[in-house]
Amino acid sequence: MPSNIIGWARLIAGVLGLSAVAYIAVTGNYLLTALGFAAIYVVFVAALNLFMGHAGQVSFGQNAFAAIGGYGSAILTANHGWPPMLAMLASALLAALVALVVGQATLRLRGHYLAMGTLALGLISYEIAVQWEQVTGGYMGISGIPPLSIGGFAAETDRQVFLVLALAAVLACWSVWRLRRSRFGRAMGAVAGSEEAAAALGVDVARTKVITFVAAAVYASVAGSLMAHAVGYISPEVFGLHMVVVGFTMLYVGGIGTTLGPLVGAFVIGMLPEVIRGFRDVQDLVYGVVLILILIRAPGGLAGAWRR
Amino acid sequence: MSLLQVERLTRRFGGLIALDDVSFSVPSGSLSAVIGPNGAGKTTLFNLISGFIPPSEGCVRFDGHDFAGLKPHQVAARGLVRTFQLVRPFPAMSIAENVRVGTHLRTKGGVLAALLGQPAQERRVADRALQLLDRVGLASVADQAPSSLGYGQLRLLEIARALATQPKLLLLDEPAAGLNHVETDRLGLLLRALHADGLTILLIEHDMRLVMDLAEYVVVLDFGRKIAEGPADAVARDPAVLDAYLGGADA
Ligand SMILES: Nc1ncnc2c1ncn2[C@@H]1O[C@H](COP(=O)(O)OP(=O)(O)OP(=O)(O)O)[C@@H](O)[C@H]1O
Ligand SMILES: [Mg+2]
């Protein structure tokens, strides 16, 4: 039992949040789609958290890897009839390969330069999605993507889809938590803390950064694949700069460098528009005010405030 | 037998010669010191030995191998580990986890191993970190953040972290800087104990009392040149050394 007011507040907030999710899931409420979307973003933001929160690097180009996953899955399943899981795996492999090559070149950069380099990556991937029409369908995108399925089981109803996405979200958070608390995770944290001190203790700094970048790319790619299957349709806009902005907002609102931050941030930011829909014309204004209030009141993010 | 050999090491920064044709060697199992006034080139010497910057000329031999072209983490992997003049803790990690990072070279496993879990190795790592924290007197604060430590304690944390790599040679860049008398005495005891255990130590130090107390052998730098070397008491009486210290900014 919690021993003080803050403890009780945490417990109540947690119980309320979980019951809301459970209620929506059980009743098949219209909010289920938004919840599923938030769950996909949990996977994406967990990877951002790995690379930025834990390894202390910065990437504005993670949408590129989500695009590889999304387009890879869409093309392979809708146009070539691959089973979804195999398509997801193949796309993630491609994303990893691209991250390996790009990472070797850009991760030498630090701070603002790394930010600009990775931003370019995201912009290039958007241009490719728009321009390479025979393969990507240009602005029209790709439709008719089948639902996720494994063996004979296909996730067809809203509730089934949400269950799969929620499972993916939990797996993402769990695996990042696991990574952080390992030999590899310590190397990552050391690189974030001081590259010189890390190297002096025998940590291969360049290698650690590249591996983290590749791992983050795999998560982002899986998030992209899930997006393609959950919606059944993708276009360049889905994986545009917007995705990065939303991902960053979720990461900072939830709490960068915390275990539950991506989960909390993705659900709060994902559901906020639904909650404030009643404000109609001033909806965007309310959205902005809420964001600013959260960032002022909980500068370490909601999960950070939770821990304190 | 000498563990470390520095041969005609020179480093220029543009027109400035930070280190000028310096040679000396460090015998296995010894406790030696590099001293010299501010700007004499001591830290530059450490940066060259530990692979952080390449020499303009000369070479470093360690344990029979040429160190040319090795990156810092490769130098560490061969058993030569350094600390920094300005402490560099990993601020987002607990004190114990800082030390656990030091076991990196003595453990195995990447992403896959992390996902599968390595409970036996992790238990070993945690035990080792606690032992080392106990040795430097920080066991009681193991779970706190480094920000809760004073400067002297941060230096001890850095030493514990370096020891976790199980080095053959430990390079300490001014370990007593910023320490009070009590802390300096405790540091002296720790270094002597490590030396007694067979660890080879080379330290840079300004605190002459500590150097005379500890070091068997001393190398003196001034303006990038080696102006003297020998047993501590002989060096302390060397006119060139007295001149450098009295004439230097550090007098
Ligand atoms: N990266 C660098 N670029 C240019 N000059 C440098 C660099 N590093 C050191 N120097 C110069 O080389 C000289 C030796 O510096 P170094 O830091 O090795 O001295 P030190 O003996 O460690 O001094 P202190 O006792 O103050 O720590 C100084 O004149 C310094 O300004
Ligand atoms: Mg120095």
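Basis of the calculations
Residues numbered from 1 in each chain as written. Chains lettered and ligands numbered in written order. Predicted model: local features only at pLDDT ≥ 70, side-chain atom pairs only at ≥ 80, totals over all residues. Heavy atoms only, no water. Phe/Tyr/Trp six-rings, centres within 6.5 Å; stacked < 30°, edge-to-face > 60°. Lys NZ or Arg CZ within 6 Å of the ring centre and 35° of its normal. Helix = DSSP H or I, 4+ residues; strand = E, 2+ residues; numbered from the N terminus. Buried < 20%, exposed > 50% of the residue type's maximum accessible area, 1.4 Å probe, protein only. Contact = heavy atoms within 4.5 Å. Pairing = 2+ DSSP bridges. Axes fitted to C-alpha atoms, helices over the stretch in contact; angles between N-to-C directions. Near = heavy atom within 4 Å. Polar contact = N/O pair within 3.5 Å; in protein donor to acceptor, adjacent residues only side chain to side chain. Areas by Shrake-Rupley, 256 points an atom, 1.4 Å probe, with all protein chains shown as cover. Domains from an automatic or database assignment. Buried area = accessible area lost by both parts, 1.4 Å probe. Salt bridge = Lys/Arg side-chain N within 4 Å of Asp/Glu carboxyl O. Nonpolar A, V, L, I, M, F, W, Y, C, P; charged D, E, K, R; others polar. Donors = N, O, S within 2.8 Å, 3.2 Å for Na, K, Ca; no water.

> Give me the packing of aromatic side chains: which residues, what numbers.
Considering all chains together, one arrives at nine aromatic pairs over all chains under this definition. Grouping aromatic residues by their ring pairs yields a cluster made of F37, Y41 and F44 of chain A. R82 of chain B extends its terminal NZ or CZ atom over the ring of F52 of chain B, reaching a point 5.1 Å from the ring centre. One cation-aromatic arrangement involves R161 of chain B over F90 of chain B; the distance from NZ or CZ to the ring centre is 4.3 Å.

> Quick one: what's the story with the environment of F223 of chain B, residue by residue and with numbers?
All names here are of chain B. For F223, the location among the structural elements is in the loop between β9 (217-222) and β10 (225-231). For F223, a relative accessible area of 71% corresponds to the exposed category. Placed 40 residues apart in sequence, F223 and E183 show a C-alpha to C-alpha distance of 30 Å. When neighbours within four sequence positions are excluded, F223 is seen to be in contact with I17 and A40.

> A description of the sheet that holds β9 of chain B should follow, citing residues and the corresponding values.
Residue and element names in this part refer to chain B. Spatially, the six strands line up as an open sheet ordered β6-β7-β8-β3-β9-β10, and their pairing is mixed. Both outer strands of the open sheet, β6 (80-82) and β10, are each paired with one neighbouring strand and no more. With strand direction ignored, the average angle separating the axes of adjacent strands in the sheet is 15°. Across three bridges, the pairing between β6 and strand β7 (residues 169-173) is parallel. Bridge pairing in β7 places L80 opposite L169. Running at roughly 150° to strand β8 (residues 200-204), helix α7 (residues 181-196) makes contact with β3 (31-35), β7 and β8 of the sheet.

> With reference to specific residues and values, describe the site of ligand 1.
Residue and element names in this part refer to chain B. Among the 13 residues in the neighbourhood of ligand 1, the closest are listed as N38, K42, T43, T44 and Q85. Here H206 contributes a side-chain N or O atom positioned 3.1 Å from an oxygen atom of ligand 1. In isolation ligand 1 offers 630 Å² of accessible surface; the protein chains occlude 61% of this area. Counting residues per element, the ones that place at least two in the shell around ligand 1 are β2 (16-27) and α1 (42-49). The dominant element in the shell around ligand 1, judged by the number of residues it contributes, is α1, at three residues.

> I'd love a proper account of the domain arrangement of chain B, names of residues and values included.
Residues and elements named next belong to chain B. Along its sequence, chain B is carved into domain 1 (1-79 + 167-251) and domain 2 (87-166). With 20 residues of domain 1 at the interface, the matching set in domain 2 holds 13 residues. When domain 1 packs against domain 2, the two sides together hide about 1,200 Å² of surface, and 69% of this comes from carbon and sulfur. Considering only the surface of domain 1 that becomes buried against domain 2, P167, L190 and L194 emerge as the three largest contributors, covering 36% of it. The salt bridge involving D197 is made with R135; its shortest N-O contact spans 2.9 Å. Taken together, the links from domain 1 to domain 2 amount to three residue pairs in polar contact (both at pLDDT 80 or more). In terms of residues, the side of domain 1 that touches domain 2 owes the most to one element, α7, which gives five residues. A breakdown of the residues in the side of domain 1 that touches domain 2 according to their chemical character gives 14 nonpolar, one polar and five charged.

> Describe the interface of chain B and chain A, naming the residues involved and giving the relevant values.
Contact residues are listed per partner, giving 34 residues for chain B and 25 residues for chain A. Between chain B and chain A the total buried area reaches about 2,400 Å² when both faces are included, carbon and sulfur atoms providing 64% of it. Summed over the three residues of chain B that lose the most area to chain A, namely H73, H104 and L115 of chain B, the buried surface amounts to 25% of that side. The interface formed by chain B and chain A includes three salt bridges.

> An account of the coordination of the magnesium ion (ligand 2) is requested, with residue identities and associated values reported.
Residue and element names in this part refer to chain B. Only T43 (OG1) and Q85 (OE1) from the protein reach the magnesium ion (ligand 2) as donors, at distances of 1.9 to 2.1 Å. In this pair, T43 sits in helix α1 while Q85 sits in the loop between β6 and α3 (95-101), placing the two residues 42 residues apart along the sequence. Assessed through its relative accessible area of 32%, Q85 is described here as partly exposed.

> How would you explain the pairing of β10 of chain B if you had to name every residue and give the values?
Looking along a regular strand, one sees side chains alternate from face to face of the sheet. Residues and elements named next belong to chain B. Sheet analysis places β9 next to β10, joined by six bridges and oriented antiparallel. By the bridge assignment for β10, V219 is matched with E229. If you look at the hairpin formed by β9 and β10, you'll find two residues sitting between the two strands, and F223 has a positive phi there, around 50°.

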